[in-house]
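# A structural walkthrough
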Amino acid sequence: MTTTRFAPSPTGYLHIGGLRTALFSWLWARKNQGNFLLRIEDTDLARNSEEALEAILKAFEWVGMSYDGEALYQSKRFDIYGKYVDQLLAEGKAYKCYMSKEELTALREGQMAKGERTRYDGRYRDFKGTPPKGVEYVVRIKAPTEGNIVFKDGVKGEICIASSEVDDFVISRAGGVPTYNFVVAIDDALMGMTDVIRGDDHLYNTPKQIVVYEALGFKLPNFYHVAMINNEQGKKLSKRDGATDVMEYKVLGYLPEALLNFLVRLGWSHGDQEIFSVEEMIALFHPKNINKSSSNYNLDKLLWLNAHYIKNMPNVKLAGLLKEYGVHIESHDKLELLLDATKERGKTLVELANQINLILVPPSEYDEKASKKAFKGDANEILADFATLLKTYKTSLHTPPEYHAVLEKFVEGKAIGFGKIGQPLRISLLGSMTGSGLDEIMAILGVNETVARIEKAIGHHRI
RNA sequence: GACCCUUUCAUCUAGUGGCCAAGGAUAUUGUGUUUUCAACGCAAAAACAAAGGUUCAAAUCCUUUAGGGGUCGCCA
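Residues numbered from 1 in each chain as written. Chains lettered and ligands numbered in written order. Predicted model: local features only at pLDDT ≥ 70, side-chain atom pairs only at ≥ 80, totals over all residues. Heavy atoms only, no water.

### Brief notes about the side chain of Ser 432
- On the secondary structure map, Ser 432 appears in the loop between α17 (418-430) and α18 (438-460).
- Within the structure, the side chain of Ser 432 is placed 3.0 Å from the backbone oxygen of Thr 434, a separation counted as a polar contact.
- Not counting residues within four places of it along the chain, the set of residues in contact with Ser 432 comprises Asp 367, Arg 426 and Ile 427. (Helix = DSSP H or I, 4+ residues; strand = E, 2+ residues; numbered from the N terminus. Polar contact = N/O pair within 3.5 Å; in protein donor to acceptor, adjacent residues only side chain to side chain. Contact = heavy atoms within 4.5 Å.)

Below, the structure written as structure tokens:
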């Protein structure tokens, strides 16, 4: 059975890089009817925060990714890790190291000065003497001293790292709290992980974890290291260019289906296909199609996808979502018309909300430049005549085509061009020169409101 | 600095030695439709990082260089 996991440390919010690796893991598990587990990596007791964890869980909920079973907290499993430390100590596969922090710093500085990769020198590996006083020991694991550590990465291929690059790293801190690389290996093994999909910032942790797997006799999972997401310029992603809290995308008016579609195509592909529903992603995803190279964050594509999903969303559902953006149109009798007239004009729910408000809220001011252009000559008279004509219909006009017919008849009767009435009418109704179709706007507003806005605009432009 | 990974249009990508004088998508530009804006349709422009090799044949394999990323914690 395929088992994957997402293992965040609750030290900050979830950003899109984390969400993407979570998505890949989740898709792979769901595709294989396996398990997707959540594990909270909170062994650094000082840096954990409750809010960060809640934010992560909320983000998962928003995008609709569900994990199986209960979330597992590493901080509650210290006794388990402790037993393994004891076991390795007893078997001679790990040892106590009494090196002080000062000595360690000095060692590193020396190595750095020589241009080497810093590493512990193994001075307590075979120590048999009397431990120095006043130093609390840490436990280090014995890493191989010769040869290479080789493993197969499902994304990058075979990775070969010289054992000399992997030192006897700490598995248990002074005071007995175990360290990351140790507990990750144990938990992944104990949780039955078959496939570990994670960011390639973990690539160098993998040989260390393999040392643990082998010392403990655990079976290795398949590793997949996914390259990072960079910003548009190919540099490290920062808050300014997209590395914000995933929930911030909700505030900005993005749909979770658009965000997931965007992320799944960042580093993964299925031929030329661009649009993927979640069901399709699950059906088509395979880690063998994950890209080796890093990809750059590109807001334009996300906006395009978001617009796509807005356009194709049923109006009733859209109306429900819009409540969170201050637009309450669920009981509006022209709901369908209103959204049909606006949803192609908003790339985000925020923009869509603005488009809707542009129609629903009477203009409080008129675009000055456009007014000047549209209201010269006899625009006021034409508008007044049109309002008079509209009033004669009172309750018999409902649909856009009906309004269109009236408008057409009016233009013909007056023998004027469409622009003569169209421009001032649009400014009267919306206050601006851009927006939805006039027929639709009038049908949404109804005769009374349309006439009221026209008359108000005439009054305003009389000077 | 050392070690590891990586490099196809501005961006996401297809591509696994001949089907590639490199395909799709976004963005851009032009154009059509239109009562404006948008949406949509059509079209254009746009890339194999560089140099050497291997081969009858290289975007694809090898080497070097250059760019980008990652890692070098008693953080995760």
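We are not done yet, so read on.
### So, the packing of aromatic side chains
- Considering all chains together, one arrives at 17 aromatic pairs under this definition.
- Judged by centre distance (6.5 Å) and plane angle (85°), the rings of Tyr 213 and Phe 223 are edge-to-face. With a gap of ten residues between them, Tyr 213 in helix α6 (residues 205-216) and Phe 223 in strand β10 (residues 222-226) connect regions that are remote in the sequence.
- A relative accessible area of 1% means that Tyr 213 is categorised as buried.
- Here a set of aromatic residues connected by ring pairs shows up, and it is made of Phe 24, Trp 28, Trp 268, Phe 276 and Phe 285. (Phe/Tyr/Trp six-rings, centres within 6.5 Å; stacked < 30°, edge-to-face > 60°. Buried < 20%, exposed > 50% of the residue type's maximum accessible area, 1.4 Å probe, protein only.)

### Some points on the sheet that holds strand β5 (residues 138-141)
- What the three strands build is an open sheet, ordered β4-β5-β8; its pairing is antiparallel. Every other strand in the sheet has two partners, leaving β4 (94-97) and β8 (170-172) as the edge strands with one partner each. Pairs of neighbouring strands in the sheet enclose a mean axial angle of 45°, with direction left out of account.
- With two bridges connecting them, β5 and β8 associate as antiparallel partners. If you follow Arg 140 over to β8, its bridge partner there is Val 170. (Pairing = 2+ DSSP bridges. Axes fitted to C-alpha atoms, helices over the stretch in contact; angles between N-to-C directions.)

### Things to note about the nonpolar core
- Grouped together as the largest cluster of nonpolar side chains are 101 residues, with contacts concentrated most on Phe 386 and Leu 425.
- Considering each element in turn, this core owes the most residues, eleven residues, to α18.
- With residues up to four places along the chain from it excluded, the contact list for Leu 425 reads Leu 383, Phe 386, Leu 407, Leu 438, Met 442 and Ile 454.
- Membership of the second largest hydrophobic core comes to 33 residues, among which are Val 85, Ile 141, Phe 182 and Tyr 213. (Core = buried A, V, L, I, M, F, W, Y, C linked by side-chain atoms within 4.5 Å.)

### Description of the packing of helix α12 (residues 335-342) against helix α13 (residues 349-360)
- Direction vectors running N to C along α12 and α13 enclose 120°, while the axes themselves pass 10 Å from each other. Taken together, α12 and α13 sit at an angle that is classed as oblique. Between α12 and α13 lies a crossing of right-handed hand. On α13, the residues touching Leu 338, Leu 339 and Thr 342 of α12 are Leu 352, Gln 355, Ile 356, Ile 359 and Leu 360.
- Residue composition of the contact of α12 with α13, grouped by class: six nonpolar, two polar and no charged. (Parallel < 35°, antiparallel > 145°, perpendicular 65-115°, else oblique. Left-handed = near helix turned anticlockwise from the far one by under 90°. Nonpolar A, V, L, I, M, F, W, Y, C, P; charged D, E, K, R; others polar.)

### Structural notes on the protein's contact with RNA strand B
- The environment of RNA strand B is formed by 64 residues, the closest being Arg 173, Tyr 204, Gly 267, Arg 345 and Asp 439.
- Among atoms of RNA strand B positioned within 4 Å of the protein, sugar and phosphate together represent 71%.
- With respect to RNA strand B, the side chain of Asn 205 contributes an N or O atom lying 3.0 Å from a base nitrogen.
- Contacts to RNA strand B include Lys 301, whose side-chain N or O atom sits 3.1 Å from a base oxygen.
- Secondary structure elements with two or more residues in the surface near RNA strand B: α4 (101-113), β5, β7 (157-162), α5 (180-190), β12 (295-296), α10 (299-311), α17 and α18.
- Tallying contributions element by element places α10 first for the surface near RNA strand B, with four residues.
- Here the residues of the surface near RNA strand B are counted per class, giving 15 nonpolar, 21 polar and 28 charged. (Near = heavy atom within 4 Å.)

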